[in-house]
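Breakdown of the fold
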Amino acid sequence: MTNPLRLLLLEDNPDDALLNQQALRKAGMDFTALRVDSRAAFVAALVDFNPDIVLADYNLPTFDGLDALALVRQHAPDLPYIFVSGVMGEEFAVDSIKRGATDYVLKDRLARLPVTVQRALEEAKLRAQRREAEKILHEQSLFQASLLDSIPVPVFYKDRDGRYLGCNRAYEELLGVTRAEIIGKTVRDLAPPAIAEKYLTMDEELFAHPGRQVYEWIICRPSGEKRNVVFHKATFPHSDGSIGGLIGGMVDITELKRAEAELRIAATAFEAQEGMVITDAANVILRVNQAFTEITGYTAAEAVGRTPQLLKSGCHDAAFYAAMWHAIRDAGAWQGEIWNRRKNGEVYPEWLTITAVKDAGGAVSHYVGTLTDITSRKSAEEEIKNLAFFDPLTHLPNRRLLLDRLQQAVASSCRTGKLGALLFIDLDNFKTLNDTLGHDVGDLLLRQVAQRLAGGMREGDTVARLGGDEFVVMLEDLSDNAQEAANQTTVVAEKVQATLNQPYQVAGNEHYKEFLLHYQPQVDVAGRITGVEALVRWQHPVRGLLFPAEFICLAEETGLILPLGHWVLETGCAQLVAWAAQPDTAHLTLAVNVSARQFHRPDFVAQVLTVIERSGADPCKLKLELTESLLLEDVEDIIAKMTALKAHGIGFALDDFGTGYSSLSYLKRLPLDQMKIDRSFVRDILTDNNDAAIARTIVALARSMGLDVIAEGVETEAQRELLADHNCHAYQGYLFSQPVPAEQFESWLPAAASRPN
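What comes next is a walk through the structure. Residue positions are given per chain, counted from 1 along the sequence in the order it is written. In view of the model being predicted, local features appear only for residues whose pLDDT reaches at least 70, and side-chain atom pairs are presented and counted only at 80 or more, with totals across whole chains, interfaces and linings using the full set of residues. To obtain the side-chain values, all non-hydrogen atoms of the structure were included, while hydrogens and water were left out.

Our next topic: the overall build of the protein chain. Think of it this way: any DSSP run of H or I at least four residues long counts as a helix, any run of E at least two long counts as a strand, and we number them from the N terminus. A tally of regular secondary structure across the protein chain gives 29 helices and 27 strands. Its C-alpha atoms put the protein chain at 140 × 90 × 70 Å along the principal axes. Each residue is placed in one exposure class: buried if its accessible area under a 1.4 Å probe, protein chains only, is under 20% of its type's maximum, exposed if it is over 50%, and partly exposed if it falls in between. Residues counted as buried form 43% of the 757 residues belonging to the protein chain. In the protein chain, once contacts between residues fewer than 6 apart in sequence are set aside, the share between residues at least 24 apart is 56%. Only the protein chains shown count as covering a residue, and every accessible area follows the Shrake-Rupley method with a 1.4 Å probe. Within the structure as shown, the protein chain displays about 40,200 Å² of accessible surface, and the carbon and sulfur contribution to it stands at 54%. Charge counting treats Lys and Arg as positive and Asp and Glu as negative, with His and both chain ends excluded. A charged residue contributes its charge at one atom only: NZ of Lys, CZ of Arg, CG of Asp or CD of Glu. The average position of the 75 basic charges and that of the 104 acidic charges among the side chains of the protein chain differ by 6 Å. Only heavy atoms matter for contacts: two residues are in contact if any of them lie within 4.5 Å across the pair.

Dropping the structure here:
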C-alpha cells in the first residue's frame, strides 16, 4: 500500500483550497493536504511537511507566488510546482514556466487539475530518475578512470578509426605523454612513420579478425631508453554488436629478456647430473634441467612459470622455511636435507642447495637450486636403524632399544625424582591360536596387539616387544610419591587389559577360503524334506576336515566367532537365493546357528538385515538357532532384538533346550517358532526312561506354547517312531543324511524325495 500524496497548498482563500482538494479527490487521488498563506509558514512546510507537490495561488496579500517558486527551486529543484489562479494571463503563464513552474491551471477550469497534477508528478519522477542515472554514470566514469589508473600495466584504448580514446597513468609514465595530448589523435600523429605503420598494420589485422592479439615489440621512451614489451590487445563491441574499437596493454619484459640471455650463457654447465632449477627474484621457475625432471617427475613445460612450492610436501612447518630464507638473505646460500613431493604424490628426501644470484647493484636477480635424491641413502640408513632397534613384525622397539631407553629413564628418574614402572604382558593361548589358525594369523594378532598398546600410551612412554607373545610397557614421569605412582600404574594396566580384551579381527578373507558349509536336511513325519541346518566345517590345510567342536571354542575365546558367524550367515543366505531359483529346492528353509557373543553385539539386528538385503534372500525362509545359554544375560535386550527381526519374517528356534537353566517366565516371552530336542536326550531315548520323559516334556511344553518341535541326532528308525509316538513330527540326523556340501545335497535330494516312508 502506497503512502498518500503530500499536497502543499499556498492559498489565502480556504474555499479555493477546498475546491482544489475536491477536484483531486473526485478524480480518485489519495492525498494529505496542508494549506499555508504566509512566507514563514510556506518555508517551514517545505522542510517539515516535505511535500510531493505544491499548488500555489499567484496573488496573496503578503506573499507573491513567484517568490514562493524561487524558494521551492532553491530547496528542491525537481519538486512539482503548479500555479492555480484566476487572474493568470498567457504572458504570465509563459514567464512562470520560464522561472521553473511545472504548469498552471485556471481556477475556473479545475477539471484539468487532476490530469495536470498527475502529469507533473510523472515528469518529476522521470527527472529524479534521470538525475540518479546521470549521477550513477558519473560515478561509474570516475570509478572506471580510477580503476584504469590503478592498473600497473600501461593500458590504452582506441576507436575503430584508430583514434585514441584514453589511457591510464602507467601508459603516460612509460611513454612520457598525457591523456590530453593523445586523445583524438592517431599513432601517425605521435610516432615516426615506420613505427606508426607497424602499429596501424597490427591494428587493422586485429579489426579484420576480431578477438585477441599478442605480439612482442620494442618501444623507445622519451629518454631514448628501449624497452622490450609484449602487447596484449583485444577488440570491444558497440551495443549493436559491431566493432567499437580496441583496448591494449603492454607488459614490460625487458628484465626477463636480460635474464634469458644470462641463462643461455650458462646452458652448457646447466645440464649436470644433479637436478637444477633457476628462478627469478620472485621465485618463479624460469628453467629446469633433465635431471630435475627425472627426480621430480615434472617436465620443464610443467614447472616453468610456477614456483618451487609445487614440490612442497607438507612435512615442514613455516618456521623451517623462514629459517631457510633467513640464511639465504644473510649468507646468500643455504643447504640441507628437505622432504619434497614428486608429481606422482610420492614424498622423498633430497639434499638441496640454494644460491642467490645478485646483479651489479647487489640486488637478487635469480636463485639457483641444485637437488640430489637421497632416497636410497635414507632407506639404507632407516633399514640399518630398524634392524638394530625395532622388531620387524610389529615395528615396536626391540629388546636392545628398550634397554637403552630404560637406562635413560633410570637416569632421568634419579635426576627429577619422578618414578617409573614396567608392565610385562603376554598373551593367553597364543600358541594354540598359532598352531590351529597358522602363523600368518598369529602374526596378524601380534600386530594388532602392538597397535593397541602403542595407540593407548602417553607420549614419552615406550611399548616394546621382547619376542614371541611377550611385550613390555615402560611408563615414565609418574608421581614422585610411591603410592600415587602405583595407583597411576594400576590405572594404565587396567586400561591396557581392557584394550587388549576387545575382539580381534584376524580371520581375513584369505582364511574364509578354508571354511565351508555343510547342510543337514530336516524332515517331517511323512519323510518330506522341509529345510536344512547350515553347519560350518574347517578344511584345515594340514589336519583335514575339522568339526566345530575342534575350533568353535577357540573362535569364541579369540573373538573370531564374530567374523566367522557373519560369514556363515552371508554364505547361507546366498545359498538360499540359489535354491529359490530351482523348483526342487525353492521351498526349503535354512537354519543358521548364532553364538551368544554374536547375538549380543549392539549392531546384530542391523547386520542380519543388511545381509538379507544384499543377498536378496527371503527372510521368511531364514531361521536363527539360539542356544539356551544365551538367555542367561540381558533377556530384555534379547527379546527386543528377536522381535525386531521377527517383524521382517525371520524365524527363531531354541537349540539344546533342556541342557541349560532357562527360566520359563522368560521363555514364554520369547518370540520363538520352534524348540529343538537336544541329541543328548535322543541318543538314549530307547533305553533311558529319564531321557524319554524329558523328550515328552519338551514336546508337551512346545505344543502348549504353540511352537513347533524338532528332534536332532535321530539315527535309527526306532528313535523316530518313539518320537512320533510322543507327538514329535520333525527330525534331523544320520537316519536321513549326514551334513553334506550343497552340491551333494542337491544331487541326493531327488532320490530322497521319491523314497517311500
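With that out of the way, let us pick up the layout of surface pockets. Cavities and pockets are defined on a 1 Å grid built over the protein atoms alone: a cavity is a set of grid points where a 1.4 Å probe fits but cannot escape, while a pocket is an open set with protein on both sides within 12 Å along at least five of seven lines, and lining residues are those with an atom within 4 Å of any such point. Grid points are joined across faces, edges and corners, and a volume is the space filled by probe spheres set on the points. By volume, the largest pocket amounts to about 1,000 Å³. Glu-533, Leu-535, Pro-548, Asn-593 and Asp-655 are the residues nearest the centre of the largest pocket, which is lined by 35 residues in total. Those elements that place two or more of their residues in the lining of the largest pocket are strand E20 (529-540), helix H20 (552-558), helix H21 (561-580), strand E22 (589-594), helix H22 (596-599), strand E23 (622-627) and strand E24 (651-657). Broken down by element, the lining of the largest pocket gets its largest block of residues, 5 residues, from E20. Its residues assigned to classes, the lining of the largest pocket comprises 14 nonpolar, 10 polar and 11 charged. Any residue outside Ala, Val, Leu, Ile, Met, Phe, Trp, Tyr, Cys, Pro, Asp, Glu, Lys and Arg is labelled polar, Gly included; the first ten of those are nonpolar and the last four are charged.

At least two bridges found by DSSP between two strands are what make those strands a pair. The 3 strands are arranged E16-E18-E17 in an open sheet whose pairing can be described as antiparallel. The sheet is open, and its two edges are formed by strand E16 (421-426) and strand E17 (462-467), each paired on a single side. Strand-to-strand, the axes of this sheet are offset by a mean angle of 20°, without reference to chain direction. Where E17 and strand E18 (residues 470-475) come together, 5 bridges link them in antiparallel fashion. Across the sheet, Arg-465 pairs through a bridge with Phe-471, a residue of E18. Between N-to-C directions, angles span 0 to 180 degrees; the directions come from axes that are lines fitted to C-alpha atoms, helices contributing only their stretch in contact. In the packing of helix H15 (residues 399-416) onto the sheet, the strands contacted are E16, E17 and E18, and the crossing angle to E17 comes to about 140°. The sheet strands contacting helix H18 (residues 482-500) are E16 and E18, and the helix crosses E16 at an angle near 20°.

The next point concerns empty space enclosed by the protein. Enumeration according to the criterion identifies 2 cavities of 30 Å³ or more in this entry. Computed from the structure, the second largest cavity encloses a volume of approximately 30 Å³. Arg-452, Leu-453, Gly-456, Met-457, Lys-495, Val-496 and Thr-499 together form the lining of the second largest cavity. Elements that contribute at least two residues to the lining of the second largest cavity include exactly helix H17 (439-455) and H18. By residue number, the principal contributor to the lining of the second largest cavity is H18, which donates 3 residues. Of the residues that constitute the lining of the second largest cavity, the class distribution is 3 nonpolar, 2 polar and 2 charged.

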